[in-house]
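Next come the chains, spelled out residue by residue.
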Number of protein chains: 2
Amino acid sequence: MFKLGQEITSDQAMRFSIETAKLGRGFVSPNPLVGCVIVDSQHKFLASGAHLRFGGEHAEINALKNLKDKSKLNGARVYVTLEPCAHEGKTGSCAKALSKYPIKEVYYGLKDPNPLVAGQGLEILIKNGIDTYPFGKYEEECEEVCEQFLYHIAHQKPFISMKVGTSLDGKIALASGESQWITGEEARKHSRNLRAHYDATLIGAGTFMFDDPLLDFRGTGYEHEKKNKVIILDPKGKAASSFKDSKINKKHGPKNVFVLTRSEFSEAWAQNLVHVINWDSSKDSWNQALKNLYNKGIASVFVEGGSYVFGQLLEHQLVQKIYMYQAPKVLGAGKSWSDFLKLESLSEAKVFKKWKTIPLGEDRLNILYF
Amino acid sequence: MFKLGQEITSDQAMRFSIETAKLGRGFVSPNPLVGCVIVDSQHKFLASGAHLRFGGEHAEINALKNLKDKSKLNGARVYVTLEPCAHEGKTGSCAKALSKYPIKEVYYGLKDPNPLVAGQGLEILIKNGIDTYPFGKYEEECEEVCEQFLYHIAHQKPFISMKVGTSLDGKIALASGESQWITGEEARKHSRNLRAHYDATLIGAGTFMFDDPLLDFRGTGYEHEKKNKVIILDPKGKAASSFKDSKINKKHGPKNVFVLTRSEFSEAWAQNLVHVINWDSSKDSWNQALKNLYNKGIASVFVEGGSYVFGQLLEHQLVQKIYMYQAPKVLGAGKSWSDFLKLESLSEAKVFKKWKTIPLGEDRLNILYF
């Protein structure tokens with residue numbers, strides 16, 4: 001955080017704008033995370049703001065609100081991760097709001113991804129005498145910060161991330177089934193926090209029955225702030241009878257639970273008062289189920305296993321990102337997280353385009369993009 | 001490399017001493033890799049030297065040789081990765097050689113690991129008016145540079161490293177057996193270079209028959225400089241009949257090949273004129289076989305698979321280090337490099353104490369120590 005009046009570079013301003021955007025994580029969906037930093041004509045820090053909650057003010061408006069003395073905006077520069085919006089939606093147009101002040105320049109990380117409105121915010125600014133420039137640098141970071149939004153707007157279905165906690169030889173359990181715990185507490189807490197950055201958590205019926213998980217945010221800042229939707233994939237209808245007494249039912253309530261299952265099991269599941277979505281493991285049924293979830297307000301999904309779910313999503317190339325927590329251990333023979341993906345030849349291998357690593361205690365988090 | 005007369009810090013001197021030690025990699029076994037840097041009384045760089053070949057001069061002698069004007073040694077400081085030797089062996093005592101000059105101080109990375117002679121080199125220096133100090137910093141790096149030596153001197157058996165080329169889900173082949181190639185050319189070349197840092201390469205009979213590998217150093221600086229011994233683990237005597245026409249026989253010759261097999265197959269193998277060592281998969285037989293190899297001059301072994309060999313060595317805790325090349329890919333169902341290790345419970349997991357990572361093209365090399 002910079003102090004009012006502290007001189008900062010344009011580089012620092014944009015990087016801080018990206019960091020500020022992250023303050024809204026978990027609360028803005030299906031909107032994008034956006035950050036905004038304002039500096040004065042001497043490049044002294046004036047204010048920052050983020051879009052913090054869906055339905056709340058946008059980043060630019062919050063930054064303006066955070067600046068008491070508006071006279072300092074004479075000749076000011078604004079650094080925003082995403083093009084200021086043109087339209088009047090739940091909140092007013094950000095481009096119009098900025099135009100009320102004698103701001104000199106607006107630097108944006110990305111243009112609006114919607115081709116129908118891209119550039120309209122910039123046009124309003126230009127008409128009002130504010131110069132606009134693409135920042136050029138940190139485009140990748142600006143994309144990552146609103147990756148869920150960019151994806152669901154382009155594809156009209158949820159952005160999907162998988163979370164895997166594995167040994168260095170790719171195992172998630174011993175042959176005996178023993179699986180708790182492979183990674184350390186720091187990694188597990190980190191993943192509970194990540195869970196909150198998504199609209200819904202997806203697990204398979206096996207994980208549901210075997211682990212009876214809470215899928216909560218204990219130990220993180222989201223603990224009392226947020227509840228996720230839960231999606232259960234139950235190909236064989238096995239979990240319907242265990243739902244009533246499950247922790248998920250007690251914690252989340254049936255209205256927040258979506259079950260993907262074959263039509264013959266939908267009636268059994270419907271008795272639990274959950275949302276039932278038809279699914280038959282084909283790519284088509286996946287796409288329809290995901291569109292269905294999207295239309296019910298789920299724009300991002302965090303997938304926590306087990307390996308049948310992972311295999312299905314990998315096979316149909318429905319995963320955008322993998323969070324792979326690796327513990328510095330060898331487990332040997334046992335269950336691999338990727339066992340259900342069957343390839344005919346090495347040329348079919350699922351290849352990651354981007355690979356970043358963060359140390360977490362003894363473990364490491366690999367962030368992988370397809 | 002520093003220029004003669006360039007002022008350098010003691011930190012730079014010790015780090016350069018460690019880098020210089022690496023010049024002897026692959027050629028000094030069973031001796032340690034040692035590096036030496038000399039600076040004058042004003043901390044200006046004078047010379048560096050390494051132990052480059054078994055039977056050749058030690059690092060200190062080579063550094064002295066690399067300095068033409070010995071008058072500059074008045075008040076000089078010497079930075080050496082390992083305590084200068086006291087004894088007169090194939091070459092003279094380094095401590096005595098240094099003592100001939102008006103050197104002021106010797107900083108050493110490690111004391112001689114042999115408790116019987118530790119400190120004797122230092123004593124000679126001190127008697128001759130040279131102050132000696134442990135450098136304190138970079139002890140881990142000094143240990144790593146001569147890790148093979150430190151291990152085999154302490155245990156009287158070879159230092160063992162495993163090399164694994166794997167996908168991010170721990171697979172080394174598809175279910176069909178297809179395995180070439182998972183990692184990229186840069187990683188494969190890197191591992192051919194590593195192979196040369198060891199006295200011998202160990203493979204299983206399956207790898208021997210299926211791949212018919214050359215186990216050479218093509219594309220590296222070792223290509224025409226060095227030949228390794230080859231060790232074949234053949235539990236079922238299956239490979240004896242394929243040996244005559246194998247690339248290993250043609251490239252390395254039977255005198256450089258050691259076969260570990262059960263007694264009932266030793267006769268068949270002996271007909272190939274290779275060295276046959278009795279082995280029966282028990283920990284005892286492993287230890288005896290390794291002592292046997294050690295007594296035949298093999299102080300370090302580079303293990304290249306397959307998974308039966310890996311499993312055996314992991315189970316009996318005979319591996320000191322793993323080089324794990326990871327490709328940014330998911331292969332799904334298939335063969336894992338650790339399939340032959342069977343654990344009863346998670347508490348038996350083989351845990352790494354140290355984990356370093358180096359990017360290699362698209363892939364990454366994880367260097368792991370037990």
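Residues numbered from 1 in each chain as written. Chains lettered and ligands numbered in written order. Predicted model: local features only at pLDDT ≥ 70, side-chain atom pairs only at ≥ 80, totals over all residues. Heavy atoms only, no water.

1. Thoughts on the sheet that holds strand 18 (residues 363-369) of chain B
Residue and element names in this part refer to chain B.
Phase 1 of the analysis: One open sheet accounts for nine strands, arranged 11-10-9-8-12-6-13-18-17; its pairing is mixed. Two strands close off the open sheet at either side, each with one partner strand: strand 11 (275-278) and strand 17 (354-360). Ignoring which end each strand starts from, the neighbouring axes of this sheet average 20° apart.
Phase 2 of the analysis: Relative to strand 18, strand 13 (residues 321-327) runs antiparallel, the two being bridged by six bridges. (Pairing = 2+ DSSP bridges. Helix = DSSP H or I, 4+ residues; strand = E, 2+ residues; numbered from the N terminus. Axes fitted to C-alpha atoms, helices over the stretch in contact; angles between N-to-C directions.)

2. Concerning the interface of chain A and chain B
Phase 1 of the analysis: The partner chain B presents 42 residues to the 42 residues of chain A that form the contact.
Phase 2 of the analysis: Approximately 3200 Å² of surface area, both sides summed, lies buried where chain A meets chain B, with 65% of it carried by carbon and sulfur atoms.
Phase 3 of the analysis: Ranking the residues of chain A by area buried against chain B places Val-330, Leu-346 and Trp-355 of chain A at the top, with a combined share of 25%.
Phase 4 of the analysis: The tally of links between chain A and chain B comes to two salt bridges.
Phase 5 of the analysis: Between Lys-171 of chain B and Asp-339 of chain A there is a salt bridge, with the nearest N and O atoms lying 3.9 Å from each other.
Phase 6 of the analysis: Linking chain A with chain B are 20 residue pairs in polar contact (both at pLDDT 80 or more), by the criterion used here.
Phase 7 of the analysis: At the level of secondary structure, the elements contributing two or more residues to the side of chain A that touches chain B comprise strand 7 (171-174), strand 13 (321-327), strand 14 (329-330), strand 16 (350-351), strand 17 (354-360) and strand 18 (363-369) of chain A.
Phase 8 of the analysis: Partitioning the side of chain A that touches chain B into residue classes produces 20 nonpolar, eleven polar and eleven charged. (Contact = heavy atoms within 4.5 Å. Buried area = accessible area lost by both parts, 1.4 Å probe. Salt bridge = Lys/Arg side-chain N within 4 Å of Asp/Glu carboxyl O. Polar contact = N/O pair within 3.5 Å; in protein donor to acceptor, adjacent residues only side chain to side chain. Nonpolar A, V, L, I, M, F, W, Y, C, P; charged D, E, K, R; others polar.)

3. Quick word on empty space enclosed by the protein
Phase 1 of the analysis: One pass over the full model with this rule turns up one cavity of 30 Å³ or more.
Phase 2 of the analysis: Estimated volume of the largest cavity: approximately 40 Å³.
Phase 3 of the analysis: Lining the largest cavity, in full, are Gln-326, Trp-355, Thr-357, Arg-364 and Asn-366 of chain A together with Gln-326, Trp-355, Thr-357, Arg-364 and Asn-366 of chain B.
Phase 4 of the analysis: Taken together, the elements giving at least two residues each to the lining of the largest cavity come down to strand 17 and strand 18 of chain A together with strand 17 and strand 18 of chain B. (1 Å grid on protein atoms, 1.4 Å probe; cavity = no way out; pocket = protein on both sides within 12 Å on 5 of 7 lines; lining within 4 Å. Points joined across faces, edges and corners; volume = space filled by probe spheres on them.)

4. Brief notes about the pattern of salt bridges
Phase 1 of the analysis: Going through the model one piece at a time under the given rule, you end up with 38 salt bridges over all chains.
Phase 2 of the analysis: Two residues, Arg-77 of chain B and Glu-105 of chain B, come together in a salt bridge whose shortest N-O distance is 2.7 Å. Pair noted here: Arg-77 of chain B is in strand 3 (residues 77-82) and Glu-105 of chain B is in strand 4 (residues 105-110), with a separation of 28 residues, a long-range link.
Phase 3 of the analysis: Overall, Glu-105 of chain B belongs to the buried group, its relative accessible area being 7%.
Phase 4 of the analysis: Put simply, Glu-140, Glu-144, Lys-354 and Lys-356 of chain A are held in one network by salt bridges that share partners. (Buried < 20%, exposed > 50% of the residue type's maximum accessible area, 1.4 Å probe, protein only.)

5. A short note on the environment of Lys-342 of chain A
Residue and element names in this part refer to chain A.
Phase 1 of the analysis: Inspection of the secondary structure assignment puts Lys-342 in the loop between strand 15 (334-336) and strand 16.
Phase 2 of the analysis: Classification of Lys-342 as exposed rests on a relative accessible area of 60%.
Phase 3 of the analysis: Note: C-alpha distance between Lys-342 and Asp-363 (21 residues apart in sequence) is 28 Å.
Phase 4 of the analysis: Among the polar contacts listed, one links the side chain of Lys-342 to the backbone oxygen of Asp-339, at a separation of 3.4 Å.

6. Quick word on the pairing of strand 18 of chain B
Residues and elements named next belong to chain B.
Phase 1 of the analysis: Burial analysis of strand 18 places seven of its seven residues in the buried class, the great majority of the element.
Phase 2 of the analysis: Residue alternation in strand 18 divides its side chains into two sets, Asp-363, Leu-365, Ile-367 and Tyr-369 and Arg-364, Asn-366 and Leu-368, and both sets are buried.
Phase 3 of the analysis: Sheet topology note: the strand 17/strand 18 ladder contains seven bridges and is antiparallel. By the bridge assignment for strand 18, Lys-354 is matched with Tyr-369.
Phase 4 of the analysis: The hairpin formed by strand 17 and strand 18 contains two residues between the paired strands, and Gly-361 there has a positive phi angle of roughly 60°.

7. Quick word on the confidence of the model for chain A
Low pLDDT marks stretches whose predicted atomic positions should not be read closely.
Phase 1 of the analysis: Predicted confidence across chain A gives a mean pLDDT of 96, with 100% of residues reaching 70 or more.
Phase 2 of the analysis: Overall fold confidence (pTM) sits at 0.91, and the ipTM for the predicted complex is 0.88. (pLDDT = per-residue confidence, 0-100.)

8. Comments concerning the relation of the copies chain A and chain B
Phase 1 of the analysis: For the pair chain A and chain B, the superposition axis carries a translation of 0.0 Å, the fit reaches an RMSD of 0.0 Å, and the rotation angle comes to 180°. Such a turn and shift between the copies fits a two-fold axis. When each C-alpha of chain A is compared by its distance to the rotation axis, Gly-170 of chain A comes out closest, at 2.4 Å.
Phase 2 of the analysis: Taken as a fraction of all interface residues of chain A, those also at the interface in chain B reach 100%, which identifies the copy contact as same-surface. (Least-squares fit on C-alpha atoms with pLDDT ≥ 70 in both.)

9. A word on unusual backbone geometry
Phase 1 of the analysis: Note the cis peptide between Gly-305 of chain A and Gly-306 of chain A, where omega equals 0°.
Phase 2 of the analysis: For Gly-306 of chain A, the position within the fold is in the loop between strand 12 (300-303) and helix 12 (307-315).
Phase 3 of the analysis: Across the junction of Ser-29 of chain B and Pro-30 of chain B, the peptide omega takes the value 5°, indicating a cis bond.
Phase 4 of the analysis: Relative to the elements of secondary structure, Pro-30 of chain B occurs in the loop between helix 1 (10-21) and strand 1 (35-39).
Phase 5 of the analysis: In this structure, His-43 of chain A takes a positive phi of about 65° despite not being glycine.
Phase 6 of the analysis: Relative to the elements of secondary structure, His-43 of chain A occurs in the loop between strand 1 (35-39) and strand 2 (45-50).

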